[in-house]
Amino acid sequence: GSPVSTTAVLSGACTILQANIQSKWDANKLYLFVSTTSDNVVSNNADLVEVYLDMNNSRSRNYQDGDYQFGFQPGALTSFDNNINGQGTVTFTTAASEYSTLIPGGSGVGKNWMFEAALAWRKISPGFIPSNGKQIGFEIHIKNNLQNCTAAYSERIIEQSWLSPQRFGTLILN
């Protein structure tokens, strides 16, 4: 399919954190761009983008094969995967140009940061074939850990996606 775009404003319970996301896809990759505004940006362990995917959109109660949680921190060189589905970890790196983070002006100066990723479908879920109209479970959280504040794509009870894919929203590839 040709690349398409989805734009959403993330919302949360706190007013110090705002984020906008854009997603695009093609036959090879899922592209994500997040722009955040926060009261204070801190690299490595304080601020975080978490991406949750349910590749078959099963909305199962428990994590299973095809369900993922990836974490990306400003300043970190690799992502983390909590192996939440018990199938082993998948890691993305800045060295392979799979994702990048940027804090304009440095930590705590610009009050914002950006995240962009080009996540290969074959790496996320070998055998997955994206197509127009295909639906995948999707959630994204932006965290300001110093203030214990999170903005989310669709989750109404913030910070529960790690418990169950039932809490994800839906990303429609079209």
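Residues numbered from 1 in each chain as written. Predicted model: local features only at pLDDT ≥ 70, side-chain atom pairs only at ≥ 80, totals over all residues. Heavy atoms only, no water.

Engineer: Just give me the short version of the pairing of strand β2 (residues 18-25), but keep the residues and values in it.
Structural biologist: The alternating pattern of β2 places Ala19, Ile21, Ser23 and Trp25 on a buried face and Gln18, Asn20, Gln22 and Lys24 on a face that is not buried. Summarising the sheet, β2 and strand β3 (residues 29-37) pair through eight bridges and their orientation is antiparallel. Within β3, the position partnered with Trp25 by the bridge is Leu30. Counting the residues between successive antiparallel strands, the hairpin from β2 to β3 contains three residues. (Buried < 20%, exposed > 50% of the residue type's maximum accessible area, 1.4 Å probe, protein only. Helix = DSSP H or I, 4+ residues; strand = E, 2+ residues; numbered from the N terminus. Pairing = 2+ DSSP bridges.)

Engineer: Just give me the short version of the packing of aromatic side chains, but keep the residues and values in it.
Structural biologist: Inspection of the entire model under this criterion finds seven aromatic pairs. Where Phe72 meets Tyr99, the ring centres are 4.9 Å apart and the plane angle is 65°; that geometry is what we call edge-to-face. In this pair, Phe72 sits in strand β5 (residues 67-72) while Tyr99 sits in strand β7 (residues 99-102), placing the two residues 27 residues apart along the sequence. Taking the relative accessible area as the measure of exposure, Phe72 reaches 0% and is therefore buried. Here Tyr99 and Phe115 contribute two aromatic rings whose centre-to-centre distance is 6.3 Å and whose plane-to-plane angle is 45°, an arrangement assigned as tilted. Placement of the pair is Tyr99 in strand β7 and Phe115 in strand β8 (residues 112-120), with a sequence separation of 16 residues. On the basis of relative accessible area, Tyr99 is assigned to the buried category, the value being 3%. An aromatic cluster of at least three residues, connected via ring pairs, comprises Tyr52, Tyr63 and Phe168. (Phe/Tyr/Trp six-rings, centres within 6.5 Å; stacked < 30°, edge-to-face > 60°.)

Engineer: Tell me about the confidence of the model for the protein chain, residues and numbers included.
Structural biologist: For the protein chain, the average pLDDT comes to 76, and 71% of its residues sit at 70 or higher. Below a pLDDT of 50 lies the segment residues 1-7, which in the model reaches 18 contacts outside its immediate sequence neighbourhood of four places, other chains included. (pLDDT = per-residue confidence, 0-100. Contact = heavy atoms within 4.5 Å.)

Engineer: Help me get a handle on unusual backbone geometry, residues and values and all.
Structural biologist: The phi dihedral of Asn57 falls on the positive side, at around 50°, and the residue is not glycine. For Asn57, the position within the fold is in the loop between β4 (47-54) and β5. Here Asn57 falls in the buried class, since its relative accessible area comes to 19%. The phi torsion at Arg59 lies on the positive side, around 55°, for a residue other than glycine. As for its placement among the helices and strands, Arg59 is situated in the loop between β4 and β5.

Engineer: Lay out the nonpolar core with the relevant residues and their values.
Structural biologist: One broad rule of soluble globular proteins: the nonpolar side chains tend to lie buried together. One finds Leu53, Phe72, Phe115, Trp121 and Ile124 to be the most contacted residues of the largest nonpolar core, which totals 33 residues. Looking at this core, the elements that each hand over two or more residues are β2, β3, β4, β5, β8, α1 (121-124), β9 (135-144) and β10 (149-152). Phe72 has contacts with Leu48, Val49, Val51, Ser79, Phe80, Phe92, Tyr99, Trp113, Phe115 and Leu119, leaving out every residue within four places of it along the chain. (Core = buried A, V, L, I, M, F, W, Y, C linked by side-chain atoms within 4.5 Å.)

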